[in-house]
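For reference, the chains in residue letters:
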Amino acid sequence: MRGSTTAEPIAVIGMSCRLPGARNPSEFWRLLRDGVDAVSEVPPDRWDADAYYDPDPKAPGKMVTRRGGFLSQVDRFDPQFFGISPREATTLDPQQRLLPYPHA
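Q: How should I be thinking about a nonpolar patch on the surface in this particular structure?
A: A cluster of nonpolar side chains, Phe28, Trp29 and Leu32, forms an exposed patch at the surface whose accessible area comes to about 330 Å². As for its placement among the helices and strands, tryptophan 29 is situated in helix H1 (residues 25–34). Tryptophan 29 gets classed as exposed once you look at its relative accessible area, which sits at 55%.

Q: What exactly am I supposed to notice about the environment of methionine 63 here?
A: Summarising the element assignment, methionine 63 is placed in the loop between helix H2 (49–52) and strand S2 (67–68). For methionine 63, a relative accessible area of 21% puts it in the partly exposed group. Sequence spacing of methionine 63 and alanine 51 is 12 residues, and the spatial spacing of their C-alpha atoms is 9.6 Å. Look past the residues within four positions of methionine 63 in its chain and what remains in contact with it is Val42, Trp47, Ala49, Tyr52, Tyr53 and Asp54.

Q: Sorry, what's going on with the environment of alanine 22 here?
A: Checked against the element boundaries, alanine 22 lands in the segment before H1. Each C-alpha atom of the pair alanine 22 and alanine 38 lies 8.4 Å from the other, and the pair is 16 residues apart in sequence. Beyond its immediate sequence surroundings of up to four residues, alanine 22 is in contact with Glu27, Phe28 and Leu31.

The rules behind each value
Residues numbered from 1 in each chain as written. Predicted model: local features only at pLDDT ≥ 70, side-chain atom pairs only at ≥ 80, totals over all residues. Heavy atoms only, no water. Patch = residues over 30% accessible without salt bridge, like charges linked within 9 Å, V, L, I, M, F, W, Y side chains within 5 Å. Areas by Shrake-Rupley, 256 points an atom, 1.4 Å probe, with all protein chains shown as cover. Salt bridge = Lys/Arg side-chain N within 4 Å of Asp/Glu carboxyl O. Helix = DSSP H or I, 4+ residues; strand = E, 2+ residues; numbered from the N terminus. Buried < 20%, exposed > 50% of the residue type's maximum accessible area, 1.4 Å probe, protein only. Contact = heavy atoms within 4.5 Å.

Here it is as structure tokens:
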């Protein structure tokens, strides 16, 4: 109820996450606790970092870093689980695979 001043308990029933260097909340907490830097070199199966890297920030079509925060096993997306057709899955923006939504 809006405006209520009564504090009510909250129960966390379940939690999940996938972040660079952490497959679940426990691993993420360990990263935070231990001060681990999850930024790494571009994995070779993502793109050819040498082809796109240039230390000059004004170089057109290039990037000025070889590092980033990368999720593991991004190729294990199961489109059928989320009700996404095989045809749609082939054209799906890779970022949409990170936050799939149920289709109506």
